[in-house]
Amino acid sequence: MIPSILPTYNRAPLSFVKGQGAWLTEADGRRFLDLGAGIAVNALGHAHPALIKALSDQAQDLWHVSNLYRIPQQEALADRLVEHTFADTVFFTNSGTEACELAVKMARKYWHDKGQPQRTDILTFEGAFHGRSSAGIAAAGSEKMTAGFGPLLPGFVHLPWGDHEALRHAITDTVGAILIEPVQGEGGIRPLPDQCLKGLRDVCDEHGLLLILDEVQCGMGRTGKLFAHEWAGIDPDIMMVAKGIGGGFPLGAVLATATAASGMVAGTHGSTYGGNPLGCAVGCAVMDIVTDPRFLSEINRKAGLLRQKLESLVAAHPDTFEEVRGTGLMLGLKCKRLNTDLVAAGYAAEILTVPAGDNVLRLLPPLTISDEDIRIAIDRLDRAASSLSAP
Ligand SMILES: *Cc1c(COP(=O)(O)O)cnc(C)c1O
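Just so it is clear, the structure is predicted and the values come from calculations on it, not from any experiment.

Observations concerning unusual backbone geometry
Each neighbour pair has its own omega, and for Gly150 with Pro151 the value is 0°, a cis peptide bond. Topologically, Pro151 is positioned in the loop between helix H6 (143-146) and strand E6 (156-159). Of note in this structure, Lys243 is not a glycine but carries a positive phi near 40°.

Right under this line is the structure:
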């Protein structure tokens, strides 16, 4: 018999009743250290006072009016995003995959209005994840996500990761854009080297293509800059954001240059809930904290500390771990045992991690994690790894 909840998830037998900072309390009272942060969503940890205040203040006044009217909280958040990024304009969604939908539509409309409607193809990369909508799964293209869901949305060309020759050959006169995560998350915490991102920007400039970055997971301070592409010193034309921007409230956005967005005039796109007052009030509070240069430099300091300790952990467990990968507080441990066994061993040691592709154990702590909690995390990961190697 099918359960009352559609069984599309393999859930751990844990249910949390309270969160505080990097800690979650299970219904039975055990306290778990949360290095998953709701898959990079709880960027400021659980129950951050500024977010509680922003949400509860707004909840007293107004929840929803629809985009038939001006929404001051939405305008304030859009202004902040424009001020701190390459973007000239922003559209708000409720999730990452909705941001993907608009990014794809925007790129196609751009070429349509430029009189080159044949440029519908978007180049994407092996290991990519862009969400679970029809466009998202077609963009990623993996068998695991697409099997049984055909016919898939056409117009995506899937390239191997890091193959420059394949990229050159794929650029034809039906290609309009390149879509890539600066750091692959679900694919196994694979950062694109800065020079490759620069190279992609050059390729796009040379052929007039749009560069679409998916910063849903790696954005909002996760890598130690507000957005990951800043490390490479380049700007995209279109960028997808979600996860951390709402700090736990469902919120996403598409950021774009005026040129890339030029086709998106009144009536071409919409969302009933997107950019509602509640989400945008919280988003403003998140932006105020994450854009503070001292907050970003603390992320970099803590990322260095965590990484150094993880390198020692890998050295102490050569039969369990192969290497540390990733950047900032978006780190992964490439495993020699099954990553899901390590996640389960982590549950027993009261630490939460997230499995990712390529047999990687993903670590996405709240950006606010303390030095003391980093020390506890390493102790518990050590305990989890030891429990697997015990005879
Ligand atoms: C999570 C994620 C998405 C999808 O976001 P949803 O909010 O789950 O729809 C898209 N792209 C990347 C890189 C992600 O990590």
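Moving on, there is more to tell.
Concerning the sheet that holds strand E13 (residues 321-327)
Taken in spatial order, the 4 strands make up an open sheet running E13-E14-E17-E16, and their pairing is antiparallel. The open sheet has two free edges, formed respectively by E13 and strand E16 (354-356), since each of these has just one partner strand. On average, each strand axis in the sheet is tilted by 30° relative to the strand beside it, whichever way the strands run. Two strands pair when backbone bridges link them, and E16 and strand E17 (residues 360-363) are joined in this way by 3 bridges, in the antiparallel orientation.

Digging into the pattern of salt bridges
Under the defined criterion, the tally for this structure stands at 19 salt bridges. With its nearest N and O atoms 3.1 Å apart, the salt bridge here joins Arg301 to Asp371. A residue pair is termed long-range when its members are at least 10 positions apart, and Arg301 in helix H10 (residues 293-316) and Asp371 in helix H12 (residues 371-389) qualify at 70 residues. Here the salt bridges share partners, and the residues they tie into one network are Glu323, Arg325, Lys334 and Asp358.

Description of the nonpolar core
Ranked by internal contacts, the top residues of the largest apolar core, which has 62 residues, are Phe92, Leu255, Leu310 and Leu333. If near-sequence neighbours (up to four positions away) are discounted, Leu310 is found in contact with Val324, Leu331, Leu333, Leu363, Ile378 and Leu381.

About the cut-offs
- Residues numbered from 1 in each chain as written.
- Predicted model: local features only at pLDDT ≥ 70, side-chain atom pairs only at ≥ 80, totals over all residues.
- Heavy atoms only, no water.
- Helix = DSSP H or I, 4+ residues; strand = E, 2+ residues; numbered from the N terminus.
- Pairing = 2+ DSSP bridges.
- Axes fitted to C-alpha atoms, helices over the stretch in contact; angles between N-to-C directions.
- Salt bridge = Lys/Arg side-chain N within 4 Å of Asp/Glu carboxyl O.
- Core = buried A, V, L, I, M, F, W, Y, C linked by side-chain atoms within 4.5 Å.
- Buried < 20%, exposed > 50% of the residue type's maximum accessible area, 1.4 Å probe, protein only.
- Contact = heavy atoms within 4.5 Å.

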